[in-house]
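Chain by chain, the residues:
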Amino acid sequence: MAYRPIQQGLAERLMCLHDEMKRDFDGVNRIAVAIYEQKTDILRSFVHSSESDNPFDHTVARLADLKSLAELARTGARRVINDLTDHVSSAPAHRRRLTGAGYLSSYTVPIFHKGVFYGFVFFNSFRKGYFTGPVVRGLKAIAEVVSLQTIMELDAIRMIQAAVKTVRQISRVRDEETGTHLERMSRYTRLIALRLAPRKGMSDEWVEFLFQFSPLHDVGKIAVPDQILFKPGRLTTEEFEIMKSHVGRGNEIVQVMAETFRLTQAPYLRVLRNVVAHHHEAVDGSGYPAGLAGDEVSLEGRIVAVADVFDALTSTRPYKKPWSVEDALGFLTEQSGKKFDPEAVEVLKQSRSAIADIQRQFAEAPLD
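As a starting point, this report considers the structure included with it. (Residues numbered from 1 in each chain as written. Predicted model: local features only at pLDDT ≥ 70, side-chain atom pairs only at ≥ 80, totals over all residues. Heavy atoms only, no water.)

1. Considerations on unusual backbone geometry
For the record, the criterion: We count a stretch as a helix when DSSP gives it H or I for four or more residues in a row; a strand needs E for two or more, and each element gets its number in order from the N terminus.
Between Tyr288 and the following residue, Pro289, the backbone shows a cis peptide bond with an omega angle of 10°. Tracing the sequence through the fold places Pro289 in the loop between α10 (269-278) and α11 (299-313). Within the chain, His58 stands out as a residue other than glycine whose phi angle is a positive 55°. Mapped onto the secondary structure, His58 falls in the loop between β2 (42-50) and β3 (60-62). Unlike most non-glycine residues, Lys114 shows phi in positive territory, near 55°.

2. Comments concerning the nonpolar core
Just so we agree on the cut-off: Residues belong to one nonpolar core when they are buried, are Ala, Val, Leu, Ile, Met, Phe, Trp, Tyr or Cys, and are joined through side-chain atoms within 4.5 Å. Here the term buried applies to any residue with accessible area under 20% of the maximum for its type, exposed to any over 50%, and partly exposed to those in between, with areas from a 1.4 Å probe on protein chains only. Contact criterion: two residues are considered in contact whenever any of their non-hydrogen atoms come within 4.5 Å of each other.
Grouped together as the largest cluster of nonpolar side chains are 48 residues, with contacts concentrated most on Trp206, Phe213 and Leu348. Top contributing element to this core by residue count: helix α5 (residues 179-200), with 8 residues. Leaving out residues up to four positions away in the same chain, Phe213 has contacts with Ile157, Ile160, Tyr268, Val271, Leu272 and Val275. Membership of the second largest hydrophobic core comes to 28 residues, among which are Val135, Leu139, Ala143 and Leu154.

3. Here we look at the sheet that holds strand β6 (residues 116-125)
Quick reminder of the rule: At least two bridges found by DSSP between two strands is the condition for calling them paired. Note on geometry: axes are C-alpha line fits, over the in-contact stretch for helices, and angles between N-to-C directions span 0 to 180 degrees.
On the basis of which strands lie adjacent, the open sheet formed by 6 strands has the order β3-β2-β1-β6-β5-β4 and antiparallel pairing. If you trace the sheet from one side to the other, it starts and ends with β3 and β4 (79-81), each paired once. On average, each strand axis in the sheet is tilted by 25° relative to the strand beside it, whichever way the strands run. In the packing of helix α1 (residues 10-21) onto the sheet, contacts are made with β1 (30-37) and β2, and the angle to β2 comes to roughly 50°.

4. Describing the packing of α11 against helix α12 (residues 325-334)
Put simply, the rule reads: When an angle is under 35 degrees it counts as roughly parallel; over 145 it counts as roughly antiparallel; between 65 and 115 it counts as roughly perpendicular; any other value is oblique. By the definition used in this description, the sense in which the near helix is turned from the far one sets the handedness, with an anticlockwise turn below a right angle giving left-handed and a clockwise turn giving right-handed. The classification used treats Ala, Val, Leu, Ile, Met, Phe, Trp, Tyr, Cys and Pro as nonpolar, Asp, Glu, Lys and Arg as charged, and all other residues, Gly among them, as polar.
Here α11 crosses α12 at 140°, and the two axes come no closer than 9 Å. The angle between α11 and α12 falls in the class oblique. The chirality of how α11 crosses α12 is right-handed. Residue-level contacts link Val306, Val309, Phe310 and Leu313 of α11 to Val325, Ala328, Leu329, Phe331 and Leu332 of α12. A per-class count over the contact of α11 with α12 returns 9 nonpolar, no polar and no charged.

5. Comments concerning empty space enclosed by the protein
Filter applied, for reference: Only protein atoms enter the calculation, which uses a 1 Å grid: trapped sets of points that fit a 1.4 Å probe without letting it out are cavities, open sets showing protein on both sides within 12 Å along at least five of seven lines are pockets, and any residue with an atom within 4 Å of a point is a lining residue. Grid points are joined across faces, edges and corners, and a volume is the space filled by probe spheres set on the points.
Summed over the entire model, instances satisfying the criterion amount to 1 cavity of 30 Å³ or more. Computed from the structure, the largest cavity encloses a volume of approximately 50 Å³. If you go around the largest cavity, the residues you meet are Arg44, Ser45, Thr59, Arg190, Leu194, Asp204, Val207 and Glu208. If you list the elements that add at least two residues to the lining of the largest cavity, you get β2, α5 and α6 (204-213). Of the residues contributing to the lining of the largest cavity, the split by class is 2 nonpolar, 2 polar and 4 charged.

Structure follows, in structure tokens:
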């Protein structure tokens, strides 16, 4: 088989582009991308290439709270600020964070594709007055390249999600994983990942991939027979062995999708593989299918396991009433260091306000 190198991630490609453009634009000291989620009006940091500290690692904000950026998203206009220190004491917090990292001017470009707003590309300089007319005109093509690569990266992820959703609908799978369950558990996943990423040396790009792929954790359940999947009572030993096989089938489905969409060498495919393969493993080695323990279980798998179980416990099911948040957190605490990653559990315990926001925004509908 011919050797095919692993594709560079968007963050690596952005750093390479930044290096290449220094000959013509030596005053561009930072390029960053923030992406937008329409459902929640959330703008979050994604990738960057910075010559100083990045002031917006693991940052999440509501676009509505960022008045000037919200106006750019509404109009599609581009913005130049050639003196970020002007009235800095009364400037928005994000501007103060930029100046604190040494950036003195900025150029902001909204990302649109077919009328859909995806986010922003930011260029920053250590120099005041750097973004003159000729510089801005020269950066137009670079902004378009960064925008296109961002769109392609996000669309590839969404294509995989759409493929899984289609398969589930065709196979008429209607298990306990309702739409609102997947919305909530993916946001609990992101909540935990954002807090753990700085400790673990993980990037915003990784956080985004984990958020996007976490709803696909149980894709292999499409291969579980209905009489087992929908059984209201406790499964027999033989039935549970069949249920456990959904992890292996999920791995097979991921491989088929990767080959079909020619993503086998994509750097973020590892995140999806770990989500599917490890979400039923336990840190004490008592999980399945491989009985992995401790750090043998991927960080992705450990985070998704906590997010998934927490939402399952606090959700209504045909066979049970929802647990309270406190009772669910109590169970996770009891199993911390046994079934569940202690750091991931601790993040949830410290995030009651965020949990309430997620539950309010993605409440279960009567038909769920």
